[in-house]
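The chain contents come next:
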Amino acid sequence: SCILSHPLTASNNLEKHIMYREPSPLLKRLFLPPKPPSLTLSPNYTWLLLCQEPPLPSIQEISQPEEKLAGLRFHPSTLTPSRLQLGESLTLKHLTTGIEAKVDLPPGSEGVRYVCFHPERDLFVFSSKLKGKPFFELYKCEFVSGHWETDKITALQNHRMNFIQGCPYQFTPDGSKLLIKVVPHNWPENPPSPPEVSTGPVIQFVGKDAKKAPGRTYQDLLKNSFDEEKLRYFMTTELLCVDVDKWTASAFKRTDGGKGTFPQSVGGKLIQKLQCSPSGRFLLVHLTTQLSYSVPLQRFGKDIQIWDLDSEQFVEVASLPVDDEIPLSHDACSRHPRAFHFHPCEDHTIIFVEAVDGGDPGNAAVDGERDVLYTQHVLIDDENENNTLNLGGKMKLVGLEWRFSDLEFCESGLGVVDSYRWKDRMERKWIFQHPNTSENGGSGIDASGSSKRLLWERTWEDRYTDPGEPLTRRGKRGQYFIVQPTPTSMYLKGAGASGCGDRPFLDILEFGSSNSIETRRLWRCAAPVEVKDEELDPTKEVGGVLPTERKDIYETLVVLMPDNDSVLISRESKTSPRNYYLTKLSDAGSEAQVTQFEHPQPDLLGITKELVRYQREDGVELTANMYLPPGYYGKPRPTLFWAYPREFKDSKAAGQVKSSKHKFVSASWASPVHWAARGWVIMDDFALPVVGEGDAHPNDTFIEQIVMGATAAVDYAKSRGVCDPNRCAGESTQIGFIMSDTNISRFHYVSVPSIQLEVIPTARS
């Protein structure tokens, strides 16, 4: 939809300087109070860090100059992502004692960002922007003698940190070093200037082994050689190493006078990604080497290298060309090796994936497999005085019949790998034993690594039967592992979708028997008051027993503590904001409230929220969240319909209930809820499924199904007596523009004098 102000009628009005207008008192009350702080839990699960951010970005912030290069948008002066919001305050809260400590911002600070905790100590680092200047300083904050002390990290010296791709620093797994991406020593202060006149046509070359491939549409791509120059100028970095015990830059020898940066990065590199090995000695580095005008940065040509942090040695893992030949099919992928990362269970072994079918689902599978995961060991020749670095040969870890999706490990070495097939929305989850594990630990699979065991195969569209995902937690050497209470079990957490809405859960999955897999429920969000016993499945309740206590709340499991009994959960209701509680699986009565956030938008308290259900013309079940304004007394109101079409292969899955009606009712700039406070009826997230069952494709009947869905929503609201069908407005994004255009007969011009707004649905709003 587009929102139009009334046109100016007098020509002399155009000559006046028009100031920004003040919003209504209601909008000020809704959007200017502080929003709930962002939360970060320390790695030892002891401290909760609360960072308070401004409710909205300032005009000054959103008007800053912006560069748009290779799919990135960033501020060229501060080298930060566009519209980066800074924290206004930091507060630490001890989870068990409740002690709070406010961290004073550094003198002259405009705000803070990018908090990074030490893996073992009560210590974190953060960046502070100097007020009125385009520079950030780095600070550390450590718990010493019963209180938190903040100090500036002077090891940066005159180096500037580069935030364009996010947080530029990370601790090594043992916490002994802090690695920071910085602007190279002696780098020019000013970016390249645009050419005054064209220097020639833009020419793109086709590589020798290039293949034909359809092109996708991307935003903010490189366009010419000047864009290339700017990208290299802004993205080139060196890697600084800071000794955490002394907080000084490491004394690497350099010929250009620079200090503390790794020799492998001297002069600057286009560093895309960094990952430290579990041993803490090596870095897996992605370096951009080939630029492109047709794809964004992530698909540029790159070299994958291993850097030795104890020497100048490095070894090349792979040299990959620009990845611009991926077929359009959702089951397609790169034909080059991908997903490089360190194995969390080994000191310095890398894992990567190769599509043995060339990445094209139209090609035949090779020995029944499409993707194969391989490992390669980093080899150190200790007998050579130069400690020569090499890679061992690649070894097959596991093969997959479908496309690779994700890989996680348990500390025992047990691997869990996901694969998918898009064409019918199917997914599989497998377990396999690490090849170096001598025994299978009762998992029922061969320890050679060549075999795997299926945990489940299902369609991801069916939310009601979703078993959840393995719960992970930071383990030894700073790595994240799936949590196992026993060698033959693991925890699963999920959304718990059901006909009465989402009720998140925590399960134990038992896979010790080679013939069966069983789950046992340990915790679940409370059941709503209005739900009858016959609507609940006791096998999905804690202890296999229907809950006797009902509450109209929504709870989620945030983290399971290291004792595997204490849990941090969140809880909210329609009228109470999300707060956090510490409780125990073995004793729910031991609950302690951790946060006490108050309602930030009291004007929304009178709004009524309902989860409504209705049917499309062809019988497909649909749902929506309906919001009625405060003091609603039954008269039809102007109604705003807010939706986004979604594709499905199964009509039954399309009609399943999404989310929970017991979530906290709040308004943000990106949601329509605040219109309910101004007297409108809202049909939020009303279902617009586009179903293509069997061999049919959703887009075959896209327009017809969108019209049916919009018609059903309007007819339902009309039948409830809350909506005047002649005063409806529709809003959506991207593909939803088509929705607005095809439904323009359903969504009419709306002009409400008390609101002084005109809403017109168009395809180009």
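Starting afresh in each chain, residues are numbered from 1 along the sequence in its written order. Under the rules for a predicted model, residues below a pLDDT of 70 receive no local features and side-chain atom pairs below 80 are neither given nor counted, while totals for whole chains, interfaces and linings still include all residues. Excluded from the side-chain calculations are hydrogens and water; all other atoms, namely the structure's heavy atoms, are used.

**So, empty space enclosed by the protein**
The pocket and cavity definitions rest on a 1 Å grid over protein atoms only: a 1.4 Å probe that fits but cannot leave marks a cavity, an open set with protein on both sides within 12 Å along at least five of seven lines marks a pocket, and residues lining either have an atom within 4 Å of a point. Grid points are joined across faces, edges and corners, and a volume is the space filled by probe spheres set on the points. Applying the stated criterion across every chain yields a total of 1 cavity of 30 Å³ or more. For the largest cavity, the calculated volume is near 30 Å³. Around the largest cavity, the lining residues are Gln 165, Leu 231, Met 235, Leu 270, Ile 271, Thr 288 and Leu 297.

**Digging into the layout of surface pockets**
A volume near 1,000 Å³ is recorded for the second largest pocket. Lining the second largest pocket are 40 residues, and of these Gln 204, Phe 205, Ser 292, Ser 294 and Asp 324 sit closest to its centre. Secondary structure follows DSSP: runs of H or I at least 4 residues long count as helices, runs of E at least 2 residues long count as strands, and numbering of each begins at the N terminus. The biggest single contributor to the lining of the second largest pocket is helix H3 (residues 225–235), with 4 residues. Lys, Arg, Asp and Glu make up the charged group, whereas Ala, Val, Leu, Ile, Met, Phe, Trp, Tyr, Cys and Pro make up the nonpolar group; the residues left over, Gly among them, are polar. Looking at side-chain class alone, the lining of the second largest pocket contains 17 nonpolar, 12 polar and 11 charged residues.

**Points about the pairing of strand S17 (residues 271–276)**
A pair of strands counts as paired when DSSP detects no fewer than two bridges linking them. Pairing analysis gives 5 bridges linking S17 to strand S18 (residues 282–290), with the strands arranged antiparallel. Along S18, the bridge assignment pairs Lys 273 with His 286. Two successive antiparallel strands, S17 and S18, enclose a turn made up of 5 residues, where Gly 280 displays a positive phi of approximately 85 degrees.

**Details of the packing of aromatic side chains**
Centres within 6.5 Å are what make two rings of Phe, Tyr or Trp a pair, Trp counting through its six-membered ring; a difference in plane orientation under 30 degrees is then read as stacked, over 60 as edge-to-face, and the rest as tilted. A complete count under the given rule lists 19 aromatic pairs for this structure. A centroid spacing of 4.8 Å and a plane angle of 50 degrees characterise the contact between Phe 136 and Phe 163, whose relative ring orientation is tilted. Of this pair, Phe 136 sits in strand S11 (residues 136–144) while Phe 163 sits in the loop between strand S12 (147–152) and strand S13 (169–171), and the two are 27 residues apart along the sequence. Exposure is judged per residue with a 1.4 Å probe applied to protein chains only, and the accessible area is read against the type maximum: over 50% gives exposed, under 20% gives buried, and values in between give partly exposed. The exposure class of Phe 163 is buried, given its relative accessible area of 1%. Both rings, one in Phe 340 and one in Phe 352, keep their centres 5.2 Å apart while their planes meet at 20 degrees; by these two values the pair is stacked. Placement of the pair is Phe 340 in strand S21 (residues 338–342) and Phe 352 in strand S22 (residues 349–355), with a sequence separation of 12 residues. Through pairs of rings, three or more aromatic residues link up here, namely Trp 47, Phe 117, Phe 124, Phe 126, Tyr 139, Phe 143 and Trp 148. We call a charge positioned above a ring when the Lys NZ or Arg CZ atom is no farther than 6 Å from the ring centre and deviates by at most 35 degrees from the ring normal. Directly above the ring of Tyr 374 sits Lys 394, whose terminal nitrogen or CZ lies 4.4 Å from the centroid.

**Comments concerning the sheet that holds strand S16 (residues 248–249)**
Pairing is antiparallel in the open sheet, where 4 strands are placed in the order S13-S14-S15-S16. Two strands lie at the open edges of the sheet, namely S13 and S16, each paired on one side alone. Direction of pairing for strand S15 (residues 238–243) relative to S16: antiparallel, over a ladder of 2 bridges. Counted as the bridge partner of Val 242 is Ala 249 from S16.

**Some points on the sheet that holds strand S2 (residues 38–41)**
Taking strand neighbours across the sheet as the criterion, the 4 strands line up as S2-S3-S7-S8 in an open arrangement whose pairing is antiparallel. Whereas interior strands pair on both sides, the edge strands pair on one side only; in this sheet they are S2 and strand S8 (100–103). This sheet shows a mean twist of 25 degrees between the axes of neighbouring strands, independent of strand direction. With 4 bridges joining them, S2 and strand S3 (residues 47–52) adopt antiparallel strand pairing. Bridge pairing in S3 links Thr 40 to Leu 49. Between the N-to-C directions of two axes lies an angle of 0 to 180 degrees, each axis being a line fitted to C-alpha atoms and, for a helix, fitted only over the stretch in contact.

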